[in-house]
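A structural walkthrough
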Amino acid sequence: MGERETIRFADFVASRATALYRHALTVAPSPAEAASVVQEALVRTGMVWRAASRNDPELLARSLITRLAAAPVTPAEGNVDPWPPPDLHARVASEISRRVRRQHGRVVVAAALAAVGLAALALAAIRDDPGPVSRAQPSATASPPRSGAASPPRSGAASPPEPGAASPQAPAAGVQSAAPEALNRLVDRSRAVVFPMRQPDGLYFRAEALSPNGIAVGRTGLDYDPYRASDGLVWAVGPHTGRRVALNRPPAWYPWGHAAGTDVAAWAEDSGDRFELFCADPAAPEPSARQVSRTGVAKLERPVHAGGDAVVWTDESGSAHWVRGCGGTPRALPIWDVLGLAYPEVFYTDSGRLRSWNLESGQSSDVDGWPGGGREAVPFAAGGSWIVWVDGSTLTVNDRRAGTRRTVPLSGLPHFALARPGRLTLGDRLVAYAFREFESSREAGFVYDLASATLTVTATETFAARDRLLWREGTDYLVAPAKRL
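Residues numbered from 1 in each chain as written. Predicted model: local features only at pLDDT ≥ 70, side-chain atom pairs only at ≥ 80, totals over all residues. Heavy atoms only, no water.

**Digging into the environment of Ser293**
As for its position among the elements, Ser293 is in the loop between β9 (290–291) and β10 (304–307). Ser293 gets classed as buried once you look at its relative accessible area, which sits at 2%. As a C-alpha pair, Ser293 and Thr314 span 21 residues in sequence and 9.9 Å in three-dimensional space. Not counting the four nearest positions on each side in its chain, Ser293 is found in contact with Glu276, Leu277 and Trp313. Of the polar contacts made by the side chain of Ser293, one reaches the backbone nitrogen of Leu277; its length is 2.7 Å. (Helix = DSSP H or I, 4+ residues; strand = E, 2+ residues; numbered from the N terminus. Buried < 20%, exposed > 50% of the residue type's maximum accessible area, 1.4 Å probe, protein only. Contact = heavy atoms within 4.5 Å. Polar contact = N/O pair within 3.5 Å; in protein donor to acceptor, adjacent residues only side chain to side chain.)

Below is the structure:
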């Protein structure tokens, strides 16, 4: 197993161990036997990881668990601990290493496999540590936000490691803004809030969404590389203090699909058997997350959409649901193939037509300007009188109020950023695109100014909301308002 395969296997173990253990509890006669069969199933999956990862490694692991269990039994009643043993990951890494040594007679992959154990032990420590991470207490950033700084930005320059701290992995080539001077024409850098990716606890914050009031929502990992497993906490970084606050407790194994509105943040979280929707107030000073859905969240590109205090999502059956506020009651919608939300309108496709459903009136109507047919999976965003989408290598901008449409060639965007759908967000004036290639850590994006009709391609993800833009330069995130016309 090479280094890349080792890291991917470590991430798989960290993100799916809980779900696999809970599955084992339903087929094994005791929690101890469940832990044993999960360990053995993960060891066998790791031994054939290169082949397993090309198909469905979780399906393989579940099949092994079922076969290895003594006999199917009725799930245990009472207070059964749903968490796997905290040292499960380290035991899996140790057993794989032992079997490889036995097979080859020498230590051929010990150094690479050590990463599995180290990452796993760190994850276990995060989960069990009573310190600020597991308790999800607010923590100040390593340096105060620099609002109104006159010095030029650090374009692509990595922050030096702290004394005694492990050096972070170097960012991939080209992670800095491709044209910072072009962004200077779009945003007011003198009013930018800057906060570092690397947090005081050594974890790296990765932005996944931007709320209209400037709160960055995302997650943190063991280091810069997205191959490394998440700590399972969803974090919000405020626009004025730069303070990071955890929204969920206890942590999930792998939160994803983050979305943010003015008064709500939402994401999908592993509940054991499937992913469910969780919701929280992004401005809350303490964790406030609660599970909202009961029928799962579809494993699509962007199944969660937020706007204002509303969240819309698609469940595993393809049905759409929505909720107002995190304390509200979810309601089913008679629509499917949801593309986006611009409250109160939900945009969806029906037989190749683009339609909108008004959450307040319960009425639907056709939306003009959609070319129709086969475009359900394209990056899409809506807001005000605009709807925008990326199809192939073209950005389409549809002004519903004026009844006009324009197309913008994305010739400057790298090919890899268009091979799969990215994330498109829309503010009052700026359109932003975010693409991150998990398998290589490459990023790309663009910012399109609706007022001046100018396109700026960046080598990092960008997010737009209301009058703000979020992007990364080196190992710092910046949130800045658009310049006034």
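Read on, since the account is not over.
**Focus: the pairing of strand β16 (residues 353–358)**
Here strand β15 (residues 345–350) pairs with β16 via six bridges, running antiparallel. Bridging across to β16, Thr349 finds its partner in Leu354. Taking the residues between adjacent antiparallel strands as the criterion, β15 and β16 are bridged by two residues, where Ser351 takes a positive phi near 55°. Pairing between β16 and strand β17 (residues 364–366): three bridges, direction antiparallel. When the bridges of β17 are listed, Trp357 appears paired with Ser364. Joining the antiparallel neighbours β16 and β17 is a turn of five residues, in which Gly362 adopts a positive phi near 75°. (Pairing = 2+ DSSP bridges.)

**Remarks on the packing of aromatic side chains**
Counting across every chain of the model gives 12 aromatic pairs. Grouping aromatic residues by their ring pairs yields a cluster made of Phe347, Trp370, Phe380 and Trp389. A cation sits over an aromatic face here: Arg442 above Phe416, 4.1 Å from the ring centre. (Phe/Tyr/Trp six-rings, centres within 6.5 Å; stacked < 30°, edge-to-face > 60°. Lys NZ or Arg CZ within 6 Å of the ring centre and 35° of its normal.)

**Some points on the pairing of strand β22 (residues 423–426)**
Of the two faces of β22, the one lined by Arg423 and Thr425 and the one lined by Leu424 and Leu426 are each fully buried. Sheet analysis places β22 next to strand β23 (residues 430–437), joined by four bridges and oriented antiparallel. In the strand pairing of β23, Arg423 is matched with Ala434.

**Some words on the pattern of salt bridges**
In this structure the tally under the stated criterion is 17 salt bridges. For Glu40, the salt bridge is made with Arg44, and the minimal N-O distance between the two is 2.8 Å. A residue pair is termed a helical-turn pair when its members lie 3 or 4 positions apart in one helix, as Glu40 and Arg44 do in helix α2 (residues 31–47) at four residues. A relative accessible area of 18% means that Glu40 is categorised as buried. On the accessibility criterion, Arg44 (36% relative accessible area) is partly exposed. Of the charged contacts, one joins Arg219 and Glu208 as a salt bridge, the two residues approaching to 3.5 Å between their closest N and O atoms. With a gap of 11 residues between them, Arg219 in strand β3 (residues 216–221) and Glu208 in strand β2 (residues 204–210) connect regions that are remote in the sequence. We classify Glu208 as buried; its relative accessible area is 9%. (Salt bridge = Lys/Arg side-chain N within 4 Å of Asp/Glu carboxyl O.)

**Digging into the nonpolar core**
Judged by nonpolar contacts, the single largest core of 26 residues is most densely connected at Phe9, Phe12, Val38, Leu42, Ile65 and Val92. Those elements giving two or more residues to this core turn out to be α1 (3–27), α2, α4 (57–68) and α5 (88–104). Counting residues per element, this core draws most heavily on α1, which supplies nine residues. In this view, Phe12 contacts Ala17, Leu20, Leu42, Thr45, Trp49, Pro57 and Glu58; residues no more than four positions away in its chain are not counted. Core analysis: the second largest hydrophobic core is formed by 20 residues, Val390, Val397, Leu424 and Phe435 among them. (Core = buried A, V, L, I, M, F, W, Y, C linked by side-chain atoms within 4.5 Å.)

**Observations concerning the sheet that holds strand β14 (residues 338–342)**
Strand order in the open sheet formed by four strands is β14-β15-β16-β17, and the pairing between neighbours is antiparallel. Looking at strand neighbours, the two that pair on one side only are β14 and β17, the edges of this open sheet. On average, each strand axis in the sheet is tilted by 25° relative to the strand beside it, whichever way the strands run. (Axes fitted to C-alpha atoms, helices over the stretch in contact; angles between N-to-C directions.)

**Considerations on the side chain of Arg472**
For Arg472, the position within the fold is in strand β27 (residues 468–473). Of the polar contacts made by the side chain of Arg472, one reaches the side chain of Glu443; its length is 2.8 Å. Polar side-chain contacts of Arg472 include one of 2.7 Å to the backbone oxygen of Gly474.

**Brief notes about the sheet that holds strand β19 (residues 386–391)**
Taking strand neighbours across the sheet as the criterion, the four strands line up as β18-β19-β20-β21 in an open arrangement whose pairing is antiparallel. Two strands bound the open sheet, and with one partner strand each, they are β18 (380–383) and β21 (404–409). Strand-to-strand twist across the sheet, computed as the mean angle between neighbouring axes with direction ignored, equals 15°.

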